[in-house]
Amino acid sequence: MQLKPTTISSLPVLSLTLSLSLILSGCSGQSSNNTSTVMALKNDQIVKEDTSNTLSSATPLQGKPVVYQVFTRLYGNTNTTNKPWGTIDENGVGKFSDFTDTALQDIKSLGTTHLWYTGIPHHALINDYTNIGISNDDPDVVKGRAGSPYAVKDYYNVNPDLADNPQQRLAEFEALIARTHQNGMQVIIDIVPNHVARNYVSLEQQSELPSNRQFGQQDNTQVEYAKNNNFYYVVGESFSVPDASNNYQPLGGEQHPLSDGKFTEIPAKWTGNGSRLAKPDANDWYETVKVNYGVKPDGSHDFPTLPANYAEKSSAEHYAFWQSTDATDIPDSWIKFKDITEFWLAKGVDGFRYDMAEMVPVEFWSYLNSNIKHHNTNAFLLAEVYNPSLYRDYIHLGKMDYLYDKVDLYDTLKDIIHGEESTAQIAVDQAKVMDIEEHMLHFLENHDEQRINTQDFAGSPEAALPAMVISTTISRSPTLLYFGQDVGEQGAENAGFGQPTRTSIFDYVGVPAHQRWMNNGKFDGGQSSEQEKSLRHYYQTLMNLSHTAPALSGQYFELDTSNRTADNTIDKATATTDINSDLNNYNDKTFAFSRYNEKQFLIVISNFSQSDTTSFTLTLPSELVNTANLTQGQHDVSNLLQPQQQQSHQLNVAQGLGEIKVTLKPLESQILAIDL
């Protein structure tokens, strides 16, 4: 079904005159007049950027975490050429220096507490940096021209494309870490433990690095497996480049001295997704090699097993367990990644997002994460795990802080938007994870998923706003925003290796809606449409509730089940409102729940219909009324999504039950609040 774009004019939005400083002042207490200095690198000079009076607030936001993911290579790029397979000179690239204080405060205005810089570690790419000692990469084993950020080539340095002066690239990123902290946000980068680039080479630096940092350098390549080998080997066979599919040609067919259908690797290594073939398939992760964590080819383990009761033990107790373990029992790859994370923690990085964490044994995560928490108890640890049966092991045994809630909540919300699922499934999904709900990070976009504003997802950015409201408010867990989501980015470009519906992570490309908001570094929406600006303000209003609505850190109570069945409604003979006519208008496009604590009581209601207004009386069962300590009588209610609108709702509590009349326009959500 083709979804008709819906204008945002009918939806509750923040006034377009609402200033950035107003949003921040409500959360930060007071602004600082202190003068600070930020280092930026231009050519071979270290330039001091005076940030006097430019920072609205360096105070971190409190409450539910909000993670803002930027694809670092794309974020600051102002070039609009977007030539398929375009070079860095043709299509442009973003730089560390594009993250000015203005840019960072703009990101923070969305309620951001943690800034996830994607694509930081030096990965394989097609650009010539041989003048600074970096070897060229082979297009036959690089996806795209700019390369995949998940084919890391050197964990002890950063992508040279991102630096104004590539020779000083690490110092430039250190300056960005400091700048991010000075703007009141924490820094997350990717760690990809399951695989590395086929041409992994960690270069020497002026600072001292671990001597044992080169993956595979001391491997016994005459055997398929050994505990302390970093890779698995296809003994006796050389690697062969996969046969192309769908007429694919590296660099779009452009001539390149290394693009000859060959790549020397003797013997061949297992491919990142686990393929044991010397010649993997074109759909395999052929640009990467699988890292060995002491898992034998038959699946059995060659490392100590955690006692079962360690699911109940603290990170400190896990750390003590591994400290007491004989060092010779620890596979070499474990030690290498421990050293890598310690290197970045020392640089000021505050946390890590782990790619494909479930492809690495949970004992390794206990070893790694307990060591990280030993160094920084507040480190933010987020993992990509898609198997619900593994969630609790990776949280309790692996000591992850957060996992993606993709397989249930994200997929359900997308199906509801497509008209393929009832909103009743939301309550079912949430019930599955109630014991771990605060660990399940919610999102509607990230670099792997389709953009909302595509026919394959929602058809318009507004059509996903009910899902975004629910995703943000249903639990105590963090919420993730992907850059451009807040202005309705379409990801419609044919970038080269990357194809439309997802903003390419493999190519040099511009991001049009984001570029319009960025307005050549002003970050004021000066080139944005009114629809894009209204959408942006809606996101600002919603995301900042993570810090200003205390009930979102409290308890959850689902109202869906009781409002679908007449048996659980208020007695019609004694009800103070006539619910006979509008009860059935609560339907498969509607969803409601409550969040509450000792300070605040919230009712969150969303209408997913793109065409129908719905009116009904929402009932609150006695269990909720009693647990939330709602007193008898009339309660004035305000809608937090329309803070400038006069109060127009009343909640009536009588005979231990509650009721409130609700009218929702198409795609409207309301977050109704009572201060307790």
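What comes next concerns the included structure. (Residues numbered from 1 in each chain as written. Predicted model: local features only at pLDDT ≥ 70, side-chain atom pairs only at ≥ 80, totals over all residues. Heavy atoms only, no water.)

## Things to note about the environment of D405
As for its placement among the helices and strands, D405 is situated in the loop between β14 (402-404) and α10 (406-417). For D405, a relative accessible area of 3% corresponds to the buried category. It is 9.8 Å that separates the C-alpha atoms of D405 and S471, two residues lying 66 residues apart in sequence. Leave out the neighbours within four places in its chain, and D405 touches Y410, V433, M440, L441, H442 and F443. Here L409 takes part through its backbone nitrogen, which lies 3.4 Å from a polar atom of the side chain of D405. (Helix = DSSP H or I, 4+ residues; strand = E, 2+ residues; numbered from the N terminus. Buried < 20%, exposed > 50% of the residue type's maximum accessible area, 1.4 Å probe, protein only. Contact = heavy atoms within 4.5 Å. Polar contact = N/O pair within 3.5 Å; in protein donor to acceptor, adjacent residues only side chain to side chain.)

## Digging into the side chain of S475
Locating S475 in the fold gives a position in the loop between α12 (465-473) and β16 (479-482). By relative accessible area, S475 is classed as buried at 2%.

## A short note on the packing of aromatic side chains
This model, assessed by the stated rule, comprises 43 aromatic pairs. Between the aromatic rings of Y75 and F99, the centroid separation amounts to 4.7 Å while the plane-to-plane angle is 10°, which identifies the pairing as stacked. Here Y75 is found in helix α2 (residues 72-75), whereas its partner F99 is found in the loop between α3 (88-91) and α4 (101-108), with 24 residues between them in sequence. Both residues of the pair, Y75 and F99, belong to the buried class. Their ring planes at 45° and their centres at 6.3 Å tell us that W85 and Y248 sit as a pair that is tilted. Taken together, the residues span a long stretch of sequence, with W85 in the loop between α2 and α3 and Y248 in the loop between β9 (233-234) and β10 (268-269) at a distance of 163 residues. (Phe/Tyr/Trp six-rings, centres within 6.5 Å; stacked < 30°, edge-to-face > 60°.)

## Topic: the sheet that holds β16
The strand order around the closed barrel built from eight strands is β3-β4-β7-β12-β13-β14-β15-β16, with neighbouring strands paired in parallel fashion. Averaged over all adjacent pairs, the angle separating strand axes in this sheet is 30°, with direction ignored. One ladder, built from five bridges, connects strand β3 (residues 66-71) with strand β4 (residues 114-118); its direction is parallel. Bridge pairing in β4 places Y68 opposite L115. Sheet contacts for helix α7 (residues 332-346): β7 (186-191) and β12 (351-354); angle to β7, the most-contacted strand, approximately 155°. (Pairing = 2+ DSSP bridges. Axes fitted to C-alpha atoms, helices over the stretch in contact; angles between N-to-C directions.)

## Brief notes about helix α14 (residues 530-548)
In this model α14 runs 26 Å from its N-terminal to its C-terminal C-alpha over 19 residues, within 8% of the 27 Å that 1.5 Å per residue would give. Across the 19 residues that make up α14, a large majority, 15, are buried. (Expected span 1.5 Å × (residues − 1).)

## Points about the pattern of salt bridges
Pairs can form between side chains of opposite charge whenever their charged atoms are close. Enumeration over the complete set of coordinates arrives at 30 salt bridges. The partner of D486 in a salt bridge is R536, with the nearest N and O atoms 2.5 Å apart. Of this pair, D486 sits in the loop between β16 and α13 (512-518) while R536 is found in helix α14, placing the two residues 50 residues apart along the sequence. The buried category is assigned to D486, whose relative accessible area is 3%. Overall, R536 belongs to the buried group, its relative accessible area being 1%. Through salt bridges with shared partners, one network takes in D190, R353, D355 and E384. (Salt bridge = Lys/Arg side-chain N within 4 Å of Asp/Glu carboxyl O.)

## Structural notes on the pairing of strand β22 (residues 649-654)
In this structure, strand β21 (residues 633-639) lies alongside β22, joined through five bridges in antiparallel fashion. Each residue of the ladder has a partner; that of Q634, found in β22, is N652. The pairing of β22 with strand β23 (residues 657-664) spans three bridges and is classified as antiparallel. The residue bridging A654 from the neighbouring strand is L657, located in β23.

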